[in-house]
Amino acid sequence: MPAPVIYFWKSTPFLRLLLPFATGIIIQWYVHPSLIIWLYLILISAIVIITFFFLSFFNKFKLSFVNGTAINFIFISLGALFVFHKDVRTNPNWFSHFYTDSTVLRVTLNEPPTEKAKSLKAEASVDYLIQNDSITPTEGKIIIYLQKDSSLQQLTYGSQIIFKKPLQEIKNSGNPGGFDYKKYSLFHGITHQVYLKPGEFEIIKGKNENWLYKFLFIARERVLSILQQNIKSEKELGLAEALLIGYKDDLDQTLVQSYTNTGVVHIIAISGLHLGLIYWLLVALFKPLKKNKKLKWLSPLLIIAGLWLFSLLAGGQPSVLRSAVMFSGIVIGEMLSKRSNIYNTLAFSAFILLCINPFWLWDVGFQLSYAAVLSIIVFMRPVYNCFYFKNKIVDFIWKLNAVTIAAQILTLPISIYHFHQFPIWFMLTNIVAVPLSSLILIGEIILCVLSFIPVVAVFIGKILTWLIWLMNSYVQRIEVLRFLCGMACR
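The rules behind the values
- Residues numbered from 1 in each chain as written.
- Predicted model: local features only at pLDDT ≥ 70, side-chain atom pairs only at ≥ 80, totals over all residues.
- Heavy atoms only, no water.
- Helix = DSSP H or I, 4+ residues; strand = E, 2+ residues; numbered from the N terminus.
- Rg over C-alpha atoms; globule rule 2.2 N^0.38 Å.
- Buried < 20%, exposed > 50% of the residue type's maximum accessible area, 1.4 Å probe, protein only.
- Contact = heavy atoms within 4.5 Å.
- Areas by Shrake-Rupley, 256 points an atom, 1.4 Å probe, with all protein chains shown as cover.
- Lys, Arg positive; Asp, Glu negative; His and termini not counted.
- Charge placed at Lys NZ, Arg CZ, Asp CG, Glu CD.
- Phe/Tyr/Trp six-rings, centres within 6.5 Å; stacked < 30°, edge-to-face > 60°.
- Salt bridge = Lys/Arg side-chain N within 4 Å of Asp/Glu carboxyl O.

A. Representation of the overall build of the chain. Helix and strand counts for the chain stand at 18 helices and nine strands. In terms of overall dimensions, the chain is globule-like: its C-alpha atoms have a radius of gyration of 26 Å, near the 23 Å expected for 490 residues. By principal-axis analysis of the C-alpha atoms, the chain measures approximately 80 × 70 × 65 Å. Taking all 490 residues of the chain together, 42% fall into the buried category. Of the contacts formed within the chain by residues at least 6 apart in sequence, a portion of 70% connects residues at least 24 apart. In the structure as shown, the chain presents an accessible area of about 27500 Å², 66% of it carried by carbon and sulfur atoms. A gap of 14 Å separates the mean positions of the 43 positive and 26 negative side-chain charges of the chain.

Below is the structure:
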């Protein structure tokens, strides 16, 4: 094995742990081995590792592959155990183990209900099942659809309702090759759904709330209120909400399709780009603290706190959490004056996220995020070096395109596999949309900070409305150009 490969392998310990861990996740999901097999495998591997420590130096060197194999088997087993633990169907307290059509359910709303065309929708946790005067504490989640009614205004996060109506298992549409909504819901611990009309349920007094989630929902509502007060146009408002905190209920679906067709839908979905801007702003904001010897330690703590606060406000999506973990590692590395291997940092963040939820391995956003970041790291410099421009403005524009091209190299096969299409106009769209979206995001943050000054907030809101309109118009014009070129080719 070439020396550079050996050095790379040794300098990325988390990559060496991530690969067997992910292998265990995949094996457990598709093969479903018994739990006892993994426990025995961990026990045998642990005995091998302990025995290895008592060998002589020569035998340790000679049998090092045995020790390495045992460590790999332990992490394969751990990956499988995490899947077993996270799969709600293996939970002995899962409500479906005790549920019948005559069961009365008491559930807690995990989020404020969102308005759909003909109903309200909310995720809920099943707290108790009531059968024959006995109450059984349970776990598990369902989706509740509520027929619109004025009495539902009091429903919010933490509200509790009780009802007796048969649940329906979540099913797919049945279209071959269509989105597997059933598996997607299962990966989020949701297995059933129910539609309730007025009179089919009762709202219980009191709320079952978590103080952190309550704070986050209040903060999100406050941010939404600020945006709604200062950005009046519906299309622009919907995109502003999605861009800043990932709120997509007001997004115009025609506009979303335009962004998808032109290859810039990643702008709407909060990603590493957003966290990178937040990181840059926080570093600039707390830079004066670094100059003060007594307060120098406070700067990294505030930066990390700001990153995670934004990540939680954005809904804790995998791409955001991954970026938060990555940038937190960079901040800690700088604080300790150590330069870490970027591949190891990526592997570390992926490992932590898969420990939190091993089913994120199948999340398209998770896959695209890591593919894009890895692709930029590997290919950005070679692509950028293909052309040299003396003019700084032209060079900057080419650098933006080089980043975009590099990101597409590894994301291309994933996009084709999941979406069966590849937008060839992404370069023309990204060259304008990425800088504009960054400027809009910064403007929205400034708007929220200065919202207590009405005159300033209104002025910033008008500027943001115009910038978002400009970006939307550009994307839609590129989509029309794409359509016309397609017609000409025919």
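The rest of the description comes next.
B. Spatial organisation of the packing of aromatic side chains. Tallied over the full model, the rule gives 20 aromatic pairs. Aromatic side chains Tyr181 and Tyr184 sit 6.4 Å apart centroid to centroid with 25° between the ring planes, which places their arrangement in the stacked category. Residue Tyr181 and its partner Tyr184 are both found in helix α6 (residues 181-187); the two are separated by three residues, about one turn of the helix. When its relative accessible area of 25% is taken as the criterion, Tyr181 is described as partly exposed. We classify Tyr184 as partly exposed; its relative accessible area is 38%. Ring geometry for Phe387 against Trp398: centres 5.3 Å apart, planes inclined by 90°, an arrangement best described as edge-to-face. With Phe387 in the loop between α15 (364-384) and α16 (392-419) and Trp398 in helix α16, this pair connects stretches of sequence that are eleven residues apart.

C. Quick peek at the pattern of salt bridges. Scanning the model with the defined rule gives five salt bridges in all. Note that Asp87 is salt-bridged to Arg89, the shortest N-O span being 2.8 Å. Taking the relative accessible area as the measure of exposure, Asp87 reaches 8% and is therefore buried. Note that Lys165 is salt-bridged to Glu200, the shortest N-O span being 3.1 Å. Within this pair, whereas Lys165 is found in the loop between β6 (159-163) and β7 (168-169), its partner Glu200 is found in the loop between β8 (190-196) and β9 (201-207), the two being separated by 35 residues in sequence.

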